[in-house]
Amino acid sequence: MELSIYLKPILSACYIFPFLAGLFTLPYVIFQYRKYGSILILRVAIVYTFIFYMMTSYFMTILPLPPVDSVTADTASVLLTPFDAFYNWKATSGIDFSDPSTYLHSLKNEYFLQIFFNILLLFPFGVYLRYYFNRKWYQVIVLSFLYSLFFELTQLSGLYGIYPYPYRFFEVDDLICNTLGGFLGFLCTPLLLFMLPDRKRLDDISYEKGTHVTIFRRMLALSFDMAIIGISYILLIKKTYISTILPEYAHGLIIPFLAFIYFTLTTLIFRGYTLGKFIVKIRIVNEDGSKAPFHMLVIRNAILYLLLLPSIIYSTSLIEYIDTITNSTKQFFAFIGISILMAIAVYFALNMLSCFVKKQVQFKYDKICHLMVVSTVRNHSSDDD
């Protein structure tokens, strides 16, 4: 049994995983911020390696795929004799348990490799179940057996009906070895992961971080909100007759206006929250912690969404506008406007950079309006998932 049979599915997972990882990123980040108000790199690494492992183990059970027309009723069958692989290994490898010199050669036997890799297949599963999911030993045994059974039934079904007959054997030995592998993973977890914090410690760290507002957290909330504004622009403007009656350069002015309306109304109605801020558990309040005054929200949002953020958009629109006019006076004032807007954009970028370097989360426009962004996460321990 060549080692490439096991390596090819792993390589397949390596190719596909980066594309699928994005599908899991958003819901996982939302869950993390909704529960803890923060996200730990270590926790992300654990979850993503678990996803990678699950993909790899699945591919190892279904790959390589034979041509459909090559699978017949005699291609595979059900093998229900327990420990058949062990007895075949003992009979064909030439191993003599009383003679250690025969051990090394027997390890190259295809039946031993089958046993070894079937145990190894669910070994990480037992590690993840104990370390991250806090499962008990008997739960690991049951879940490992069920996971292995899922593999075997997948093969027995001909990959859910794609093949007219099973293209791999349903073997009770696989169930035994896979389940044993999961249990061994459970037993070895303390030896392998003794340097990592336990799950409860991870939760405590997450809650502690969640009580502080970070720039990344604010940017993440903004990205959610801007996605809503972008979708609204497409549905209400771009895909309607309104887009046909507006000059092209005017389209860049609509998004800042939509942003101003959205952020002003949502923060007013929902007491400092927008959808993005609600997801990551932060909100805008007055400096004394009270509800943000309406007039200050208007001023803040006007500065940010009607001036600072869209300054580049305005500059682009003015450049496009210059191409449509021939009056030298208008062109002169347009150039002046572009210069002012570019200066504003540079100032805003430098202010943002300064906040990143100094790790300050209250920007200049917040201070001008005497407002601040606070976390709504309480510092407490969580129950196990």
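Only a predicted model underlies this, so the values are computations on that prediction, with no experimental measurement involved.

Reading guide: rules and limits
- Residues numbered from 1 in each chain as written.
- Predicted model: local features only at pLDDT ≥ 70, side-chain atom pairs only at ≥ 80, totals over all residues.
- Heavy atoms only, no water.
- Helix = DSSP H or I, 4+ residues; strand = E, 2+ residues; numbered from the N terminus.
- Buried < 20%, exposed > 50% of the residue type's maximum accessible area, 1.4 Å probe, protein only.
- Contact = heavy atoms within 4.5 Å.
- Salt bridge = Lys/Arg side-chain N within 4 Å of Asp/Glu carboxyl O.
- Pairing = 2+ DSSP bridges.
- Expected span 1.5 Å × (residues − 1).
- Bend = angle between axes of the 7 residues up to and from the residue.
- Axes fitted to C-alpha atoms, helices over the stretch in contact; angles between N-to-C directions.
- Parallel < 35°, antiparallel > 145°, perpendicular 65-115°, else oblique.
- Left-handed = near helix turned anticlockwise from the far one by under 90°.
- Patch = residues over 30% accessible without salt bridge, like charges linked within 9 Å, V, L, I, M, F, W, Y side chains within 5 Å.
- Areas by Shrake-Rupley, 256 points an atom, 1.4 Å probe, with all protein chains shown as cover.
- Nonpolar A, V, L, I, M, F, W, Y, C, P; charged D, E, K, R; others polar.
- Core = buried A, V, L, I, M, F, W, Y, C linked by side-chain atoms within 4.5 Å.
- Polar contact = N/O pair within 3.5 Å; in protein donor to acceptor, adjacent residues only side chain to side chain.

A few words on the overall build of the protein. Scanning the protein from terminus to terminus reveals 17 helices and four strands. Residues classed as buried in the protein amount to 42% of the 385 residues present. A separation threshold of at least 6 residues defines the contact pool for the protein, and within that pool the share at least 24 residues apart is 76%.

One pass over the full model with this rule turns up two salt bridges. Residue R218 is joined to D366 by a salt bridge in which the shortest nitrogen-to-oxygen separation is 3.0 Å. Of this pair, R218 sits in helix α10 (residues 215-238) while D366 sits in helix α17 (residues 364-368), placing them 148 residues apart in sequence. For R300, the salt bridge identified is with D366, shortest N-O distance 2.8 Å. Taken together, the residues span a long stretch of sequence, with R300 in helix α14 (residues 294-308) and D366 in helix α17 at a distance of 66 residues. The two residues R300 and D366 agree in class, both being buried.

Here the focus is the pairing of strand β4 (residues 371-375). The two faces of β4 differ: L371, V373 and S375 on one face are buried, but M372 and V374 on the other face are not. For strand β3 (residues 282-286) and β4, the ladder comprises five bridges, and the chain directions are antiparallel. Directly across from V285, in β4, lies its bridge partner M372.

A positive phi angle, close to 65°, is found at F83, a residue other than glycine. Inspection of the secondary structure puts F83 in the loop between β1 (78-79) and α3 (84-92). Positive phi values are uncommon outside glycine, yet K281 reaches one of about 60°. Along the polypeptide, K281 turns up in the loop between α13 (275-280) and β3.

Our next topic: the environment of L121. In this structure, L121 sits in helix α5 (residues 110-131). For L121 and Y53, which are 68 residues apart along the polypeptide, the C-alpha to C-alpha distance reads 9.4 Å. Those residues in contact with L121 that sit more than four places away from it in its chain are Y53, S57, M60, T61, F151 and N178.

This part covers α14. Taking 1.5 Å per residue, 15 residues should reach 21 Å; α14 reaches 20 Å between its end C-alpha atoms and fits that length. Where α14 bends most, the angle comes to about 25°, and this point is A302. Among all positions in α14, only M296, L297, R300, N301, L304, Y305 and L308 are buried.

What follows deals with the packing of helix α2 (residues 41-62) against α5. A pair of packed helices can be characterised by two numbers: the angle between their axes and the separation between those axes. As a packed pair, α2 and α5 sit with axes 10 Å apart at the nearest point and diverge in direction by 150°. By the angle between their axes, α2 is roughly antiparallel relative to α5. Crossing of α2 over α5 shows left-handed handedness. Between α2, through I46, T49, F50, Y53, M54, S57, M60 and T61, and α5, the contact on the second element is made entirely by L121, L122, P124, F125, Y128 and Y131.

On to a nonpolar patch on the surface, then. Judged by side-chain polarity, F83, F86, Y87, F97, Y103 and I176 come together as a nonpolar surface patch covering roughly 570 Å² of accessible area. Its location among the elements puts Y103 in helix α4 (residues 103-106).

On to the packing of α2 against helix α9 (residues 199-210), then. Two elements in contact, α2 and α9, have axes separated by 10 Å at closest approach and are oriented at 130°. It follows from the interaxial angle that α2 and α9 lie oblique. Of the residues in α9, those in contact with L42, R43 and I46 of α2 are R199, L202, D203 and S206. Here the residues of the contact of α2 with α9 are counted per class, giving three nonpolar, one polar and three charged.

One finds Y53, L122, F125, Y132, V280 and L371 to be the most contacted residues of the largest nonpolar core, which totals 61 residues. The element best represented in this core is α2, accounting for 11 residues. Ignoring any residue separated from it by four or fewer positions in sequence, one finds L122 in contact with Y53, S144, Y147, S148, F151, N178, G181 and G182.

Quick look at the side chain of T264 now. Note that T264 resides in helix α12 (residues 251-269). Judged by its relative accessible area of 7%, T264 is buried. Side-chain polar atoms of T264 contact the backbone oxygen of F260, separated by 2.7 Å.

Such coordinate-based values are descriptive only and should not be taken to indicate function.
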